[in-house]
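# Architecture and fold: a report
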Amino acid sequence: MVFPVIGRLAPSPTGAQHVGNARTYLIAWLSARSSGGMLKLRIEDIDSPRVKPGAAVAAREDLQWLGLDWDGEPIVQTTRLSHYQAALEELKRRELVYPCTCTRSDIATAASAPHAGEEIPYPGTCASRRVADVQTLQAEGRPWAWRFRVHESPTFVDRFAGEQHIDLKQIGGDFVVWKKFTAPAHAQPDAAAELGTPAYQLAVVVDDAEMGVTEVVRGDDLLPSTPRQLLLYRALNLAPPEFAHVPLVVGPDGRRLAKRHGDTRLAALRAAGVKPEALLGLLAWSCGWLDQPEPICARELLPLFRLESIPRRPFVLTPELLRTIGYCI
Ligand code: GLU
Ligand code: ZN
């Protein structure tokens, strides 16, 4: 029996979608649609302090403008907290997580080496705690996060990036699945789980599994997340999807596309009168599907799509390239 492909688009409404997001969405859309598969839309809005009002609606408009459609109603993470809570309870029940009271600066101080990136390896300060210790923490009014115990680093074969051996101990160790919160002193310990926020790693696994997602196509900045997610799939007894992590779009300085490179928001291109076909042509050329950047619509790209022809290095977006599609930065 052949199982249908189910892909997904998962914008975070923490800001506007830009040309870099568009390239990844195009690849994800073509990968699913070119094999006759379905595609779901998920709004990843649990990162509440960073969520911008209107950004979720804008992301949908951007996708529609590009001609990238999806099946069914969008799935909105903030409406699904009970699902993430159920998964957390399962991890707690099996002592696969423990309460961590460390602050960022505790972790930075305890970590042996200074760390340039955002991710500071967690030194395991709280790893000897048990789930039941939250009763004491709560009585003391101390906030905690739930950390997942990392005992191994699953290797996996990425459909684009090939075999991956990422040592989770090196890049962060035990990771947070539920962010820190303070339970009110009067709350029952069990009810305390209703407060706070699931972390991206947990939410994405619960969602992809429940949505029946069979392939995840996303930017390669998320490669280090995949072994963590594979551990959660195993822990929750869920079947993982296949993964394809594709290179990002960078500016002429080689750094990930951002405000410093000028306004590459899709909304800005649209407002300047750029046609979606022109942008799609540029992106398709950057992926090796066209010899020249020439206008083309998403559906016309279906027969041309090949994951293997995408260059392995990031796509450098220059002001000159944007000018060829009628956009001056
Ligand atoms: N929401 C994430 C982003 O916009 C994508 C997460 C994922 O694809 O797993 O970068
Ligand atoms: Zn800790």
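From a predicted model like this one, the values you see are computed outputs, not experimental measurements.

### Observations regarding the overall build of the protein
Helices and strands together make up the secondary structure of the protein, namely 12 helices and 12 strands. For 329 residues, the compact-globule formula gives about 20 Å, and the C-alpha radius of gyration of the protein, at 21 Å, lands near that figure. Seen along its three principal axes, the alpha-carbon backbone of the protein occupies a region of about 65 × 50 × 35 Å. At a minimum sequence separation of 6, the contacts of the protein that also span at least 24 residues come to 75%. Accessible surface computed for the protein: about 15,400 Å², of which carbon and sulfur atoms make up 53%.

### With respect to the coordination of the zinc ion (ligand 2)
Those protein atoms acting as donors to the zinc ion (ligand 2) are C100 (SG), C102 (SG), Y122 (OH) and C126 (SG), and they sit at 2.1 to 2.3 Å. Viewed at the metal, the 4 donor atoms of the zinc ion (ligand 2) are separated by angles of 101 to 122°, and the geometry they form is tetrahedral. Positions of the donor residues of the zinc ion (ligand 2), expressed as sequence spacing, correspond to C-x1-C-x19-Y-x3-C. In this pair, C100 sits in strand β4 (residues 97-100) while Y122 sits in the loop between α4 (104-110) and α5 (134-139), placing the two residues 22 residues apart along the sequence. As far as burial versus exposure is concerned, C100 and Y122 are alike and both buried.

### Notes on the pattern of salt bridges
One pass over the full model with this rule turns up 22 salt bridges. Of the charged contacts, one joins R42 and D208 as a salt bridge, the two residues approaching to 2.7 Å between their closest N and O atoms. A residue pair is termed long-range when its members are at least 10 positions apart, and R42 in strand β2 (residues 38-43) and D208 in helix α7 (residues 200-210) qualify at 166 residues. Residue classification places R42 among the buried residues on the basis of a relative accessible area of 0%.

Each value, and the rule that gives it
Starting from 1, residues in each chain are numbered consecutively following that chain's sequence as written. All chains are assigned letters beginning with A, and all ligands numbers beginning with 1, in the order in which they are written. Restriction of local features to residues with pLDDT of at least 70 applies here, the model being predicted, together with a cutoff of 80 or more for giving and counting side-chain atom pairs; totals for whole chains, interfaces and linings are based on all residues. With hydrogens and water set aside, each side-chain value is computed from the structure's full complement of heavy atoms. We count a stretch as a helix when DSSP gives it H or I for four or more residues in a row; a strand needs E for two or more, and each element gets its number in order from the N terminus. The globule rule used here is 2.2 Å times the number of residues to the 0.38 power, and the radius of gyration it is set against is calculated over C-alpha atoms. In this description, contact between two residues means that some pair of their heavy atoms is separated by no more than 4.5 Å. In these tables, accessible area is a Shrake-Rupley quantity obtained with a 1.4 Å probe, and a residue counts as shielded only by the protein chains included in the view. Note that water is not among the atoms used; donors are N, O and S atoms within 2.8 Å of the metal (3.2 Å for Na, K and Ca), so sites may look incomplete. The rule is simple: four donors are tetrahedral if all their angles sit between 85 and 135 degrees, four are square planar and six octahedral if opposite donors span more than 155 degrees and the others lie between 65 and 115, and anything that fits none of that is irregular. Only protein chains enter the accessibility calculation, which uses a 1.4 Å probe; a residue is then buried when its area is under 20% of its type maximum, exposed when over 50%, and partly exposed in between. Here, a salt bridge means any side-chain nitrogen of Lys or Arg that lies within 4 Å of a carboxyl oxygen of Asp or Glu.

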